[in-house]
Amino acid sequence: MIEMTAIPPISLQNYRIAAIIPCHNEELTIAKVVSQFQTFLPEAAIYVYNNRSSDDTVTEALKAGAIVRQETQPGKGNVVRRMFADIEADIYILIDGDDTYEIAAVRRLIERMLREQLDMVVGARREAAKSSQAYRPGHRAGNLFLTGLVKFLFGARLIDMLSGYRVFSRRFVKSFPALSNGFEIETELTIHALELKIPFAEEPTLYGERPEGSQSKLKTFQDGWRVLGTAILLFKEIRPFLFFSLVSLILAVISLLLAIPVLFEYLETGLVPRFPTAILSASIMLLAFLSLTCGMILDSVSRGRKEMKRMAYLANSWLKG
């Protein structure tokens, strides 16, 4: 009989670890989030980036022992871009300051990253037993739709594309361009990993309700449209030939639908009574060919940009610890 031995925990003493927390009006929860990191990951330096809060978020974070910095440009994407640029570490933990994520699982996420030599581990959300309302139906449906869209576009198996709980290596953080301004930053993080085939994994973590009095900053439809727009824009940038081929196909179908009745009339009568329709059909078909040509040209440009991104990724060390 083979004995199963427990895997010993990994020491984190030799790593520079940064817990980075973007905050906007989180005075009710930020102290608890900082305190939990101090309990479950005492090796980490805890950075709270205040994003134009109008309450006592800064005071509460300072009282709890966090390093507080300011980012005046509104939007989570702007805060993440600033944090990634400013902070030097080997391991980064990105998490929201609303006390909804399972901070107790942070060592499990880090150890998985280290054992499997990954560049990103995503805390895939599953509701706690007593928090059936934590994941609002609109957000759940939007997440499923957008995750499914990215799975279709990029051929990846994903559970929770929009999770705000992630662990990164230095190599990922320092090669990530961070172009988004708001909550679509999670989409960009995921697609960056998919585009460059960066090794990453999803690890199940609990997700709970906000405490009474704490308000979510997410707007289901507004932020959903922004995330969808970001996914489509990145699809065009990353896979332009496929994108413009689809556009070309749609235009060609429209052109044919307009041309077929005109063609039948010409075959029957020898006349073209709907001349403007014929011109319109020919113009749309020309646009279809131009779209296909643009896709071929931009595909070469995209390949060059991808090679440059990959070189930037490889220029940074995975971990220095």
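Just so we're clear, the structure is a prediction, and the values are computed from it rather than from any experiment.

**Q** Go over the overall build of the protein, please, and point to the residues and values.
**A** Helices and strands together make up the secondary structure of the protein, namely 10 helices and 7 strands. Counting only residues that meet the buried cut, the protein has 46% of its 321 residues in that class. A fraction of 77% describes how many contacts in the protein between residues 6 or more apart in sequence connect residues 24 or more apart. A total of about 16,900 Å² of accessible surface is found on the protein, and carbon and sulfur atoms cover 62% of it.

**Q** Which residues make up a positive patch on the surface, and what values do they have?
**A** Together, Lys 197, Arg 239, Lys 306 and Arg 310 give the surface a local cluster of positive charge. Along the chain, Lys 197 falls in the loop between helix 7 (185-195) and strand 7 (200-207). Given the relative accessible area of 65%, Lys 197 is considered exposed.

**Q** Before we move on, can you summarise the side chain of Asp 98 with the specific residues and values?
**A** Mapping Asp 98 onto the fold places it in the loop between strand 4 (91-94) and helix 4 (106-116). Reaching out from Asp 98, the side chain makes a polar contact with the side chain of Thr 100 at a distance of 2.7 Å.

**Q** Break down the pattern of salt bridges for me, with residues and values.
**A** In total, this model carries 19 salt bridges according to the counting rule given. Where Glu 307 meets Arg 303, a salt bridge forms, and the shortest distance between an N and an O atom there is 3.9 Å. In this pair, Glu 307 and Arg 303 are both assigned in helix 10 (residues 275-315), 4 residues apart and thus about one turn of the helix distant. A cluster of three or more residues bridged by salt bridges with shared partners is formed by Glu 102, Arg 108, Arg 112, Glu 116 and Glu 203.

**Q** Got a sec to walk through the packing of aromatic side chains? Specific residues and values, please.
**A** A complete count under the given rule lists 8 aromatic pairs for this structure. Their ring planes at 70° and their centres at 6.0 Å tell us that Phe 84 and Phe 176 sit as a pair that is edge-to-face. Pair noted here: Phe 84 is in helix 3 (residues 76-86) and Phe 176 is in the loop between helix 6 (170-173) and helix 7, with a separation of 92 residues, a long-range link. Like Phe 84, the residue Phe 176 is buried in the burial classification. Arranged with centres 6.0 Å apart and planes meeting at 25°, the rings of Phe 172 and Phe 176 form a pair that is stacked. Here Phe 172 matches Phe 176 in class, with each residue buried. Sitting over the face of the ring of Tyr 207, Arg 125 holds its NZ or CZ atom 5.2 Å from the ring centroid.

**Q** How would you explain helix 10 if you had to name every residue and give the values?
**A** For helix 10, which comprises 41 residues, the first-to-last C-alpha distance of 60 Å matches the rise-based estimate of 60 Å (1.5 Å per residue) to within 8%. For helix 10, the complete set of buried residues consists of Ser 281, Ile 284, Ala 288, Ser 291, Gly 295, Ser 302 and Tyr 313.

**Q** Now, about empty space enclosed by the protein: what can you tell me, with residues and values included?
**A** The final tally for this structure, using the stated rule, is 1 cavity of 30 Å³ or more. If you add up the space inside the largest cavity, you get close to 40 Å³. Surrounding the largest cavity, Glu 195, Glu 237, Ile 238, Ser 302, Arg 305, Lys 306 and Lys 309 form its lining. Of all elements in the fold, only helix 8 (220-238) and helix 10 reach the threshold of two or more residues within the lining of the largest cavity. Counting residues per element, the lining of the largest cavity draws most heavily on helix 10, which supplies 4 residues. Taken together, the residues that form the lining of the largest cavity break down as 1 nonpolar, 1 polar and 5 charged.

**Q** Kindly report on the environment of Gly 77, identifying the contributing residues and their values.
**A** One can find Gly 77 in helix 3. Those residues in contact with Gly 77, other than ones at most four positions away along the chain, are Ser 180, Asn 181, Gly 182 and Ile 185.

**Q** So what's going on with the sheet that holds strand 3 (residues 67-70)? Which residues, and what values?
**A** One open sheet holds the 7 strands; their spatial order is 3-2-1-4-6-5-7, and the pairing between them is mixed. Since the sheet does not close on itself, it has two edges, and those belong to strand 3 and strand 7, each with one partner. Taking the axes of each pair of neighbouring strands and ignoring which way they run, one obtains an average angle of 25° across the sheet. One ladder, built from 3 bridges, connects strand 5 (residues 120-127) with strand 6 (residues 166-169); its direction is antiparallel. Within strand 6, the position partnered with Met 120 by the bridge is Phe 168.

Criteria and thresholds
Residues numbered from 1 in each chain as written. Predicted model: local features only at pLDDT ≥ 70, side-chain atom pairs only at ≥ 80, totals over all residues. Heavy atoms only, no water. Helix = DSSP H or I, 4+ residues; strand = E, 2+ residues; numbered from the N terminus. Buried < 20%, exposed > 50% of the residue type's maximum accessible area, 1.4 Å probe, protein only. Contact = heavy atoms within 4.5 Å. Areas by Shrake-Rupley, 256 points an atom, 1.4 Å probe, with all protein chains shown as cover. Patch = residues over 30% accessible without salt bridge, like charges linked within 9 Å, V, L, I, M, F, W, Y side chains within 5 Å. Salt bridge = Lys/Arg side-chain N within 4 Å of Asp/Glu carboxyl O. Lys, Arg positive; Asp, Glu negative; His and termini not counted. Charge placed at Lys NZ, Arg CZ, Asp CG, Glu CD. Polar contact = N/O pair within 3.5 Å; in protein donor to acceptor, adjacent residues only side chain to side chain. Phe/Tyr/Trp six-rings, centres within 6.5 Å; stacked < 30°, edge-to-face > 60°. Lys NZ or Arg CZ within 6 Å of the ring centre and 35° of its normal. Expected span 1.5 Å × (residues − 1). 1 Å grid on protein atoms, 1.4 Å probe; cavity = no way out; pocket = protein on both sides within 12 Å on 5 of 7 lines; lining within 4 Å. Points joined across faces, edges and corners; volume = space filled by probe spheres on them. Nonpolar A, V, L, I, M, F, W, Y, C, P; charged D, E, K, R; others polar. Pairing = 2+ DSSP bridges. Axes fitted to C-alpha atoms, helices over the stretch in contact; angles between N-to-C directions.

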